Amino acid sequence: MLFMLMTATMMNAKDIRTLVVTTNPQMHCTRCENRVKEGFKDVKGIKSIETSVADQTVTIQYNAKKTSEETLMNVFETSGFKARKLAPGEVIQKEEHKCTEKNAEGGCGE
């Protein structure tokens, strides 16, 4: 009985992982961030997504039993971005502002 309980517990355990990437083109405003996040709205297993224009990072916590790193990397392309996994401690230099997303006033919203 104990063995069955332990097996069931292990099968239901979540395998939460973190993926940190940078995007190309770079994110330059909240509209860019929202486009990235919007692409993941229907992906199962996503626990959280944090974007940072200042650091040029997207941090995704996900359940590896429900989705894969490869699937997550491919989702970026549906939003018009390519993603590259960052090495631990890698810092990205923000490029000159080239945002093409315009708000009602004609500015970027950055």
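Preceding block: the structure.
In short, a report on the structure. (Residues numbered from 1 in each chain as written. Predicted model: local features only at pLDDT ≥ 70, side-chain atom pairs only at ≥ 80, totals over all residues. Heavy atoms only, no water.)

**Some points on unusual backbone geometry**
Part 1: Here Asn24 and Pro25 are connected by a cis peptide whose omega angle stands at 0 degrees.
Part 2: Turning to its location among the elements, Pro25 is positioned in the loop between strand 1 (16–24) and helix 2 (30–38).
Part 3: In this structure, Gln56 takes a positive phi of about 60 degrees despite not being glycine.
Part 4: With respect to the helices and strands, the residue Gln56 is situated in the loop between strand 2 (46–52) and strand 3 (57–63). (Helix = DSSP H or I, 4+ residues; strand = E, 2+ residues; numbered from the N terminus.)

**Some details on the environment of Lys94**
Part 1: Topologically, Lys94 is positioned in the segment after strand 4 (82–85).
Part 2: Along the primary structure Lys94 and Gln26 are separated by 68 residues, whereas in three dimensions their C-alpha atoms are 7.5 Å apart.

**Examining the packing of aromatic side chains**
Part 1: Taken as a whole and assessed by the stated rule, the structure comprises one aromatic pair.
Part 2: A ring pair is formed by Phe40 and Phe76, whose centres lie 5.1 Å apart and whose planes are at 75 degrees; its orientation type is edge-to-face. Here Phe40 is found in the loop between helix 2 and strand 2, whereas its partner Phe76 is found in helix 3 (residues 69–78), with 36 residues between them in sequence. Phe76 shares its class with Phe40; the two are buried. (Phe/Tyr/Trp six-rings, centres within 6.5 Å; stacked < 30°, edge-to-face > 60°. Buried < 20%, exposed > 50% of the residue type's maximum accessible area, 1.4 Å probe, protein only.)

**Quick notes on helix 3**
Part 1: Within the sequence span of helix 3, burial applies to Leu72, Met73, Val75 and Phe76. Within helix 3, the buried residues cover an arc of 150 degrees as seen down the axis, which keeps them to one side. Looking at helix 3, the residues exposed on the side facing more than 90 degrees away from the buried face are Glu70, Glu77 and Thr78.
Part 2: On the buried face of helix 3, the contacting elements are strand 1, helix 2, strand 2, strand 3 and strand 4.
Part 3: Trailing helix 3 by a residue or two, Gly80 shows a phi angle of about 90 degrees, which is positive. (Arc of directions from axis to C-beta. Contact = heavy atoms within 4.5 Å.)

**Topic: the nonpolar core**
Across soluble globular proteins, you tend to see nonpolar side chains buried next to one another.
Part 1: Formed by 18 residues in total, the largest nonpolar core has its most connected members in Met27, Val36, Phe40, Val58, Ile60, Leu72 and Phe76.
Part 2: For this core, the secondary-structure elements that each account for two or more residues are strand 1, helix 2, strand 3 and helix 3.
Part 3: Considering every element that reaches this core, the biggest residue donor is helix 3, with four residues.
Part 4: Other than its neighbours up to four places away in sequence, Ile60 contacts Arg17, Thr18, Leu19, Phe40, Ile46, Ser48, Ile49, Leu72 and Phe76. (Core = buried A, V, L, I, M, F, W, Y, C linked by side-chain atoms within 4.5 Å.)

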